[in-house]
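# Residue-level structural notes
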Amino acid sequence: GAVVSQHPSRVICKSGTSVKIECRSLDFQATTMFWYRQFPKQSLMLMATSNEGSKATYEQGVEKDKFLINHASLTLSTLTVTSAHPEDSSFYICSANPLTRDRGTDTQYFGPGTRLTVL
Amino acid sequence: AQKITQTQPGMFVQEKEAVTLDCTYDTSDPSYGLFWYKQPSSGEMIFLIYQGSYDQQNATEGRYSLNFQKARKSANLVISASQLGDSAMYFCAMREGGYMEYGNKLVFGAGTILRVKS
């Protein structure tokens, strides 16, 4: 099956620092990757759609300058949380669509998530 | 307006019994896809099953089946022979439009926490 990795799995940083999270599709290529944020016991909230070779599309209410997204290749997208503050503490999950359809399911495959804690 | 509604915040089921998790959706697009994901306490999102709006038959994947009632706009997940390892959060999600038509964005429901009792 399709595998998506995320690195790091857990990060603790001081307020004001920037944190970069990587999302990689390991055994397939993806022109589109997605970044979600999830608070405890809540649903996933789509932050942005990452498009290879072009600018990311951000959802309403998500600060572009705060959450920088770079989709450098068909297998890598990065999310940088700039000048992180305690309210940015959350679980960040990425997902990716394979370029070719997997059994016609059009499935998004998710990474294992990154737990960010800002002190 | 809520596009995906999961009305059961929490459910209990006895081990080896079947359980149905409810999901209703709202869309005016004739082409859409419905997904169920499982999220255990580790946080990973595990794809379970998919139903396309034009699929004639209900989807099945092992112990998982999707009870798709298009006219009622419902896509309930049925888990047969529940196991302790099925305890997790379950999310229903919808993709509006055809494959990659709108960038394949998914909209998620609020989720249902399932607890399997031994």
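Predicted model only: the values in this text are computed from it and were never measured.

### A few points about the environment of G16 of chain A
All names here are of chain A. Relative to the elements of secondary structure, G16 occurs in the loop between β2 (10-13) and β3 (19-25). Judged by its relative accessible area of 42%, G16 falls in the partly exposed class. When the C-alpha atoms of G16 and S89 are compared, they prove to be 12 Å apart, with 73 residues separating the residues in sequence. Once residues within four sequence positions are removed from consideration, G16 is found in contact with S83 and A84.

### What to know about the nonpolar core
Of all hydrophobic cores here, the largest spans 26 residues; its most connected members are F67 and L116 of chain A. Counting only elements with at least two residues in this core, the list comes to β2, β3, β4 (32-38), β5 (44-51), β7 (67-73), β8 (76-81), β9 (90-96) and β11 (114-118) of chain A. Non-local contacts of F67 of chain A, meaning those with residues more than four positions away in its chain, are made with R37, M47, Y58, V62, L79, T80, V81, D88 and Y92 of chain A. Membership of the second largest hydrophobic core comes to 24 residues, among which are L21, Y32, L66 and I79 of chain B.

### Describing the sheet that holds β8 of chain A
Strand-to-strand pairing in sheets goes through backbone hydrogen bonds, with the strands running parallel or antiparallel. All names here are of chain A. Taking strand neighbours across the sheet as the criterion, the four strands line up as β1-β3-β8-β7 in an open arrangement whose pairing is antiparallel. Where the open sheet ends on each side, the last strands, each with one partner, are β1 (4-7) and β7. Across the sheet, the mean angle separating the axes of adjacent strands is 15° when strand polarity is ignored. By the bridge criterion, four bridges tie β1 to β3 in an arrangement that is antiparallel. Across the sheet, H7 pairs through a bridge with E22, a residue of β3.

### Topic: the side chain of T112 of chain B
Residue and element names in this part refer to chain B. Mapped onto the secondary structure, T112 falls in strand β12 (residues 112-117). When its relative accessible area of 0% is taken as the criterion, T112 is described as buried. Here the side chain of T112 touches Q8 through a polar contact of 2.7 Å, landing on its backbone oxygen. Those residues in contact with T112 that lie beyond four places of it in its chain are Q6, Q8, P9, G10, M11, L21, A88, M89 and Y90.

### A look at the state of the cysteines
All names here are of chain B. Counted under the stated rule, the structure contains two disulfides over all chains. Here C23 pairs with C92 through a disulfide, and the sulfurs are 2.0 Å apart. Linking C23 and C92, the disulfide has an S-S dihedral of approximately -65° and is accordingly described as left-handed. Here C23, found in the loop between β3 (19-21) and β4 (24-25), pairs with C92, found in strand β10 (residues 88-96); they are 69 residues apart in sequence, far enough to count as distant. Accessibility classification places C23 together with C92 in one group, the buried group.

### Considering the pattern of salt bridges
Residues and elements named next belong to chain B. Inspection of every chain in the model, using the stated rule, returns six salt bridges over all chains. Across the pair K3 and E96 runs a salt bridge, and its minimum N-O distance is 2.8 Å. One end of the pair, K3, is in the segment before β1 (4-5); the other, E96, is in strand β10, with 93 residues separating them in the sequence. The class of E96 is partly exposed, set by a relative accessible area of 23%. Between K73 and D26 there is a salt bridge, with its nearest N and O atoms 3.8 Å apart. Placement of K73 in the loop between β8 (64-69) and β9 (74-79) and of D26 in the loop between β4 and β5 (32-39) is noted, with a sequence separation of 47 residues between them.

### A short note on the packing of aromatic side chains
Inspection of every chain in the model, using the stated rule, returns 13 aromatic pairs over all chains. Ring centres of F67 of chain A and Y92 of chain A lie 6.3 Å apart, and the angle between their planes is 45°; this geometry places the pair in the tilted category. Of this pair, F67 of chain A sits in strand β7 while Y92 of chain A sits in strand β9, and the two are 25 residues apart along the sequence. On the basis of relative accessible area, F67 of chain A is assigned to the buried category, the value being 6%. Accessibility expressed as a relative area gives 0% for Y92 of chain A, which makes it buried. Within the aromatic cluster, the residues linked to one another by ring pairs are Y36 and F110 of chain A together with F35, Y37, F47, Y50, F91 and F108 of chain B.

About the criteria used
- Residues numbered from 1 in each chain as written.
- Chains lettered and ligands numbered in written order.
- Predicted model: local features only at pLDDT ≥ 70, side-chain atom pairs only at ≥ 80, totals over all residues.
- Heavy atoms only, no water.
- Helix = DSSP H or I, 4+ residues; strand = E, 2+ residues; numbered from the N terminus.
- Buried < 20%, exposed > 50% of the residue type's maximum accessible area, 1.4 Å probe, protein only.
- Contact = heavy atoms within 4.5 Å.
- Core = buried A, V, L, I, M, F, W, Y, C linked by side-chain atoms within 4.5 Å.
- Pairing = 2+ DSSP bridges.
- Axes fitted to C-alpha atoms, helices over the stretch in contact; angles between N-to-C directions.
- Polar contact = N/O pair within 3.5 Å; in protein donor to acceptor, adjacent residues only side chain to side chain.
- Disulfide = S-S within 2.5 Å.
- Salt bridge = Lys/Arg side-chain N within 4 Å of Asp/Glu carboxyl O.
- Phe/Tyr/Trp six-rings, centres within 6.5 Å; stacked < 30°, edge-to-face > 60°.

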